[in-house]
Amino acid sequence: MQDLVNLFVKSIFVENMVFAYFLGMCSFLAVSKSVKTATGLGVAVIFVLVVTLPVNYLIYKYVLTAGALAWLDPSFADLDLNFLSFIIFIAVVASITQLVEMIVEKFSPSLYNSLGIFLPLIAVNCAILGGSLFMQERGYDTLAQATTYALGSGVGWALAIVSLAAIREKLKYSNIPAPLRGLGITFIVVGLMGIAFMSFMGIKL
Amino acid sequence: MDKKIFIEPIFLKNPITVLVLGICSALAVTTKLEPAIVMALSVTIVTGFSSFIISLIRNTIPNRIRIIVQLVVVAMLVILVDQILQAYAYEVSKQLSVFVGLIITNCIIMGRIEAFALGNKPIPSLIDGLANGFGYGLILVALAFVRELFGSGTLYGIQIIPLSWYSANGGFYENNGFMILPPAALILVGLIIWVQRSFTKELIEK
């Protein structure tokens with residue numbers, strides 16, 4: 001239990017998706033103009049990560065790793081389907097976002113109205129696919145670990161985009177040199193936030 | 001006409017500094033020149049050929065499932081690139097780690113397919129894709145150049161700053177460790193945007 005809590009805290013702060021690995025930067029910069037929409041996208045990302053990562057974990061563990069298909073037939077024991085992982089992961093992500101969109105639309109129209117426009121965007125958000133690839137590379141070896149990692153990194157991403165949106169709302173009132181306005185200053189602000197987040201790096205969990 | 005397709009993405013419509021596409025990988029792989037160049041080449045190839053292939057079949061893709069079709073084509077190309085890298089440049093492919101896989105979700109590729117390849121003939125689409133990859137690669141190499149030179153004192157793994165300058169050897173020089181850290185990349189991109197926009201006034205945001 002303790003190492004799950006550690007993993008959770010670590011994936012939010014120490015190995016933050018945005019500040020340590022730059023994942024999901026495109027939508028991070030594009031949708032962070034107001035806190036309200038940023039929160040919507042943040043929640044949607046957490047949701048999709050928590051759904052897709054365990055699914056990808058199961059597929060990876062029972063189909064794709066070397067020798068994983070041995071349960072089907074002993075002659076498959078030295079079969080390694082690892083090279084297929086990219087295409088399978090992205091297919092899972094794309095179809096689950098589509099599925100989530102349809103389910104949410106059917107059962108909770110109010111949630112759909114607030115999340116709806118962001119859901120299609122998420123299929124190509126690198127944070128989602130990145131989560132699955134990191135899970136594969138670091139070899140999280142239980143379902144609980146994979147789910148905790150998904151939740152932690154999702155929360156970390158949401159935290160980052162909401163705080164950037166809050167800063168950008170304030171920035172509107174400051175006097176910034178004209179060529180730096182908009183995109184330029186946003187990059188520098190994200191850099192400064194990254195430095196702040198680096199203070200968590202020393203923490204050994 | 002063809003010339004414009006090629007020139008624009010490199011400066012006036014640069015995918016990174018103007019359209020804000022494909023930032024994810026641009027920042028993470030630029031601590032050294034070598035991975036940055038490999039990444040730039042891979043992205044250029046994938047962008048060019050995915051635009052080309054999608055443009056070839058653009059009239060037969062049903063609109064509703066076009067995202068999935070695009071993802072499958074892109075993922076296929078990325079798998080090829082990944083396998084080739086693992087076979088011929090194993091060290092670099094280890095350094096790039098997940099970022100090779102993340103080329104699939106690189107927004108430049110989907111962005112160019114959606115904005116250009118779906119409405120244009122194959123050859124212009126190929127040129128457009130390659131040019132966008134090139135514009136992306138240019139920023140990557142510029143970032144990696146600065147970060148490797150000041151962060152580790154080397155370029156492409158070759159020592160540039162003389163070893164006798166270092167304070168460890170009785171000199172006065174010290175590598176700037178900040179350059180290797182993630183936030184430095186963001187601040188450098190911010191500065192590049194600043195410089196570019198002070199030269200081209202029409203890009204300034206209101």
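Residues numbered from 1 in each chain as written. Chains lettered and ligands numbered in written order. Predicted model: local features only at pLDDT ≥ 70, side-chain atom pairs only at ≥ 80, totals over all residues. Heavy atoms only, no water.

**With respect to the packing of helix H4 (residues 35-64) of chain A against helix H5 (residues 85-107) of chain A**
Residue and element names in this part refer to chain A. Quick reminder of the rule: For helices, the axis comes from a line fit to the C-alpha atoms of the stretch in contact; other axes are also lines fit to C-alpha atoms, and the angle between any two N-to-C directions lies between 0 and 180 degrees. Elements are defined by DSSP. Helices are runs of H or I of four residues or more, strands are runs of E of two residues or more, and each kind is numbered from the N terminus. Convention used here: angles under 35 degrees read as roughly parallel, angles over 145 as roughly antiparallel, angles from 65 to 115 as roughly perpendicular, and any remaining angle as oblique. By definition, turning the near helix anticlockwise from the far helix through less than a right angle yields a left-handed crossing, and turning it clockwise yields a right-handed one. Residue contacts are defined here by distance: any two heavy atoms, one from each residue, within 4.5 Å place the two residues in contact. Side-chain classes are defined by residue name, with Ala, Val, Leu, Ile, Met, Phe, Trp, Tyr, Cys and Pro counting as nonpolar, Asp, Glu, Lys and Arg as charged, and the others, Gly among them, as polar.
Two elements in contact, H4 and H5, have axes whose closest approach is 10 Å; the angle formed by their N-to-C orientations is 140°. Between H4 and H5, the angle is such that the two are oblique. Where H4 crosses over H5, the two elements pack in a sense that is right-handed. Note on element contacts: H5 touches H4 through Ser85, Ile88, Phe89, Val92, Val93, Ile96, Thr97, Val100 and Val104, opposite Phe47, Val48, Val51, Thr52, Val55, Asn56, Ile59, Tyr60 and Leu64. The residue makeup of the contact of H4 with H5, split by class, is 14 nonpolar, four polar and no charged.

**Considering the packing of aromatic side chains**
Residues and elements named next belong to chain A. For clarity, the cut-off: Side-chain rings of Phe, Tyr and Trp, where Trp is taken by its six-membered ring, are said to pair if the distance between their centres is within 6.5 Å; with planes under 30 degrees apart they count as stacked, over 60 as edge-to-face, and otherwise as tilted. When the NZ atom of lysine or the CZ atom of arginine is within 6 Å of a ring's centre and also within 35 degrees of its normal, the charge is said to sit over that ring.
In the structure shown here, the tally under the stated rule is eleven aromatic pairs over all chains. Through pairs of rings, three or more aromatic residues link up here, namely Phe13, Phe19, Phe28, Trp157, Phe197 and Phe200. One residue, Arg138, lies across the ring of Phe134, its end atom 4.4 Å from the ring centre.

**Here's the deal with the confidence of the model for chain A**
What counts here: The quantity called pLDDT is the predictor's confidence in a given residue, expressed from 0 to 100.
Looking at chain A as a whole, the pLDDT averages 84, with 96% of positions reaching at least 70. Taken element by element, the predicted model of chain A shows its lowest mean pLDDT in helix H7 (residues 119-122) of chain A (71) and its highest in helix H9 (residues 143-171) of chain A (93).

**Focus on the interface of chain A and chain B**
As a reminder, the rule being used: Accessible area that two parts lose when put together, evaluated with a 1.4 Å probe and summed over both, is termed the buried area. Note on definitions: salt bridges are taken to be side-chain nitrogens of Lys or Arg within 4 Å of carboxyl oxygens of Asp or Glu. Polar contact criterion, stated in full: a pair of N or O atoms within 3.5 Å, where within protein one must be able to donate a hydrogen and the other to accept it, and residues adjacent in sequence count only if both atoms are side-chain atoms.
Tallying the contact residues gives 38 residues for chain A and 42 residues for chain B. With both chains or domains summed, chain A and chain B bury close to 3500 Å², and 85% of this area falls on carbon and sulfur atoms. One can count zero salt bridges joining chain A with chain B. Inspection of the chain A/chain B interface yields zero residue pairs in polar contact (both at pLDDT 80 or more). For the side of chain A that touches chain B, the secondary structure elements donating two or more residues are helix H2 (17-21), helix H3 (25-30), H5, helix H8 (126-138) and helix H10 (183-198) of chain A. Counting residues per element, the side of chain A that touches chain B draws most heavily on H10(A), which supplies ten residues. When the residues that make up the side of chain A that touches chain B are grouped by side-chain class, the tally is 30 nonpolar, six polar and two charged.

**So, the packing of H10(A) against helix H9 (residues 182-199) of chain B**
Between H10(A) and H9(B), the shortest axis-to-axis distance is 8 Å and the interhelical angle comes to 165°. Regarding the angle of H10(A) to H9(B), the classification is roughly antiparallel. Judged by the sense of rotation from one axis to the other, the crossing of H10(A) with H9(B) is left-handed. Residues Leu183(A), Gly184(A), Phe187(A), Ile188(A), Val190(A), Gly191(A), Leu192(A), Gly194(A), Ile195(A) and Met198(A) of H10(A) touch H9(B), and the partners they reach there are Pro183(B), Leu186(B), Ile187(B), Val189(B), Gly190(B), Leu191(B), Ile193(B) and Arg197(B). Partitioned by chemical class, the residues of the contact of H10(A) with H9(B) number 13 nonpolar, four polar and one charged.

**Section: the confidence of the model for chain B**
Residues and elements named next belong to chain B. Considering every residue of chain B, the mean pLDDT works out to 85; 99% of them sit at 70 or more. Mean pLDDT across the secondary structure elements of chain B bottoms out at helix H1 (residues 2-7), with 75, and peaks at helix H3 (residues 33-56), with 92. Overall fold confidence for the complex sits at a pTM of 0.85, while the interface term, ipTM, reaches 0.82.

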